[in-house]
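Survey of secondary and tertiary structure
Residues per chain are reported as follows:
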Amino acid sequence: MPIIQNFAADHTKMKAPAVRISRKFNTKGGDVITVYDLRFCQPNAAVMDQNGMHTLDHLLPGFMRQHLNSDSCEIVSIAPIGSRTGFYMTVIGEPDEQTVADAWRSALYSIIAVKSETEIPGLNRYQCGACKEHSLSEAQNIAKAVLSVGISVNYNDDLKLDETLIKN
């Protein structure tokens, strides 16, 4: 089985919090699709609290759309990474990493400003499959932790995996 793009990046070299272009391709119609890795936590060193990450999953897409969408860019989806170290964001367009980092920073400040769980979209049993597994305070703690460190950029050329490391 071929290695998918994310597994071609050496996770021991990743910085976090950081933005990385995970993949970029063109549709048959000519649109550019860019997938970003929004790495909140250092791989193999920390993970996001599950309930906090779930709350981020409800809040982050809306705030990122508010701060990033434009005439040249539209967010298609934002989904948690299974390792609980970040989110993947798929965009029609190709904003540079610094533009994405700036929007992410603004979105995190917006998350910190949420005053009550009543402001979380879809936080009910009709719209969420695990509506009791949320924590606004943990989501805000994650946002504050990212902001306290600052958001950098990871470049794939710097993270190229030496495949001899995984042969054994």
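As shown above, the structure is provided for reference.
Residues numbered from 1 in each chain as written. Predicted model: local features only at pLDDT ≥ 70, side-chain atom pairs only at ≥ 80, totals over all residues. Heavy atoms only, no water.

1. Description of the packing of aromatic side chains
To describe a pair of aromatic rings, one takes the distance between the centres and the angle between the planes. Heads up, the rule is: By convention, a stacked pair of Phe, Tyr or Trp rings (six-membered ring in the case of Trp) has centres within 6.5 Å and planes under 30 degrees apart, an edge-to-face pair has planes over 60 apart, and any other such pair is tilted. Helix and strand assignments follow DSSP, with helices taken as H or I runs no shorter than four residues and strands as E runs no shorter than two, numbered in order from the N terminus. Burial classes: relative accessible area under 20% of the type maximum marks a residue as buried, over 50% as exposed, and values in between as partly exposed (1.4 Å probe, protein chains only). The criterion for a charge sitting over a ring is simple: Lys NZ or Arg CZ within 6 Å of the ring centre, and within 35 degrees of the ring normal.
Following the criterion strictly, the structure yields two aromatic pairs and no others. With a centroid separation of 4.9 Å and an interplanar angle of 55°, the aromatic rings of Phe-40 and Trp-104 are classed as tilted. With Phe-40 in the loop between strand S2 (32-39) and helix H1 (50-68) and Trp-104 in helix H2 (residues 97-112), this residue pair connects regions lying 64 residues apart in the sequence. No difference in accessibility class separates Phe-40 from Trp-104, as the two residues are buried. Positioned above the aromatic ring of Phe-25 is the side chain of Arg-23, whose terminal nitrogen or guanidinium carbon lies 4.2 Å from the ring centre.

2. Points about the packing of H1 against H2
Put simply, the rule reads: With axes taken as lines fitted to C-alpha atoms, and helix axes fitted only over the stretch in contact, angles between N-to-C directions fall between 0 and 180 degrees. Just so you know how the angles are binned, under 35 degrees is roughly parallel, over 145 roughly antiparallel, 65 to 115 roughly perpendicular, and the rest oblique. Should the near helix be turned anticlockwise from the far one by less than a right angle, the crossing is left-handed, and should it be turned clockwise, the crossing is right-handed. What makes two residues a contact is simply this: any of their non-hydrogen atoms within 4.5 Å. Under the convention adopted here, Pro, Cys and the residues Ala, Val, Leu, Ile, Met, Phe, Trp and Tyr are nonpolar, Asp, Glu, Lys and Arg are charged, and Gly plus all remaining residues are polar.
At a closest axis distance of 8 Å, the pairing of H1 and H2 adopts a crossing angle of 125°. By the angle class used here, H1 and H2 are oblique. Our pair here, H1 against H2, has a crossing hand that is right-handed. Residues Leu-56, Leu-59, Leu-60, Phe-63, Met-64, His-67 and Leu-68 of H1 lie in contact with H2, whose contacting residues are Thr-99, Val-100, Ala-103, Trp-104, Ser-106, Ala-107, Ser-110 and Ile-111. Considered class by class, the residues forming the contact of H1 with H2 number eleven nonpolar, four polar and no charged.

3. Describing the nonpolar core
One broad rule of soluble globular proteins: the nonpolar side chains tend to lie buried together. For clarity, the cut-off: Side-chain atoms within 4.5 Å link the members of a nonpolar core, which is a set of buried Ala, Val, Leu, Ile, Met, Phe, Trp, Tyr and Cys residues.
In this structure, Phe-40, Leu-60, Met-64, Met-89, Trp-104 and Leu-108 are the most contacted members of the largest nonpolar core, which totals 36 residues. Mapped onto this core, the elements with two or more residues apiece are strand S1 (18-26), S2, H1, strand S3 (74-80), strand S4 (86-92), H2 and helix H3 (136-149). In contact with Leu-60, other than residues within four places in its own chain, are Phe-40, Ile-78, Phe-87, Trp-104, Ala-107 and Ile-111.

4. A closer look at the pattern of salt bridges
Rules: By salt bridge we mean one thing: a side-chain nitrogen of Lys or Arg within 4 Å of a carboxyl oxygen of Asp or Glu.
Considering all chains together, one arrives at four salt bridges under this definition. Measuring nitrogen to oxygen at the nearest pair gives 3.2 Å for the salt bridge that ties Asp-37 to Arg-20. Here the residue Asp-37 occupies a position in strand S2, and Arg-20 occupies one in strand S1, the gap between them amounting to 17 residues. Considered together, Asp-37 and Arg-20 belong to a single accessibility category, that of buried residues.

5. Here's the deal with the sheet that holds S2
The line we're drawing: Only strands that DSSP links by at least two bridges are regarded as paired with each other.
Strand order in the open sheet formed by five strands is S3-S4-S2-S1-S5, with mixed pairing between adjacent strands. Among the strands making up the open sheet, the edge pair consists of S3 and strand S5 (152-153). Both S1 and S5 contribute to a ladder of two bridges, which runs parallel. The residue bridging Val-19 from the neighbouring strand is Val-153, located in S5.

6. Some words on the side chain of Asp-10
To keep it simple, the criterion reads: Residues scored as charged are limited to Lys and Arg (positive) and Asp and Glu (negative), so that His and the chain ends carry no count. Counted as a polar contact is a pair of N or O atoms within 3.5 Å, where, for protein atoms, one must be capable of donating a hydrogen and the other of accepting one, and residues adjacent in sequence contribute only when both atoms are in side chains.
Note that Asp-10 resides in the segment before S1. It is Lys-13 that comes nearest to the buried, bridge-free Asp-10 among opposite-charge side chains, at 4.3 Å. Here the side chain of Asp-10 touches Thr-12 through a polar contact of 2.5 Å, side chain to side chain. Beyond its immediate sequence surroundings of up to four residues, Asp-10 is in contact with Leu-159, Lys-160, Leu-161 and Leu-165.

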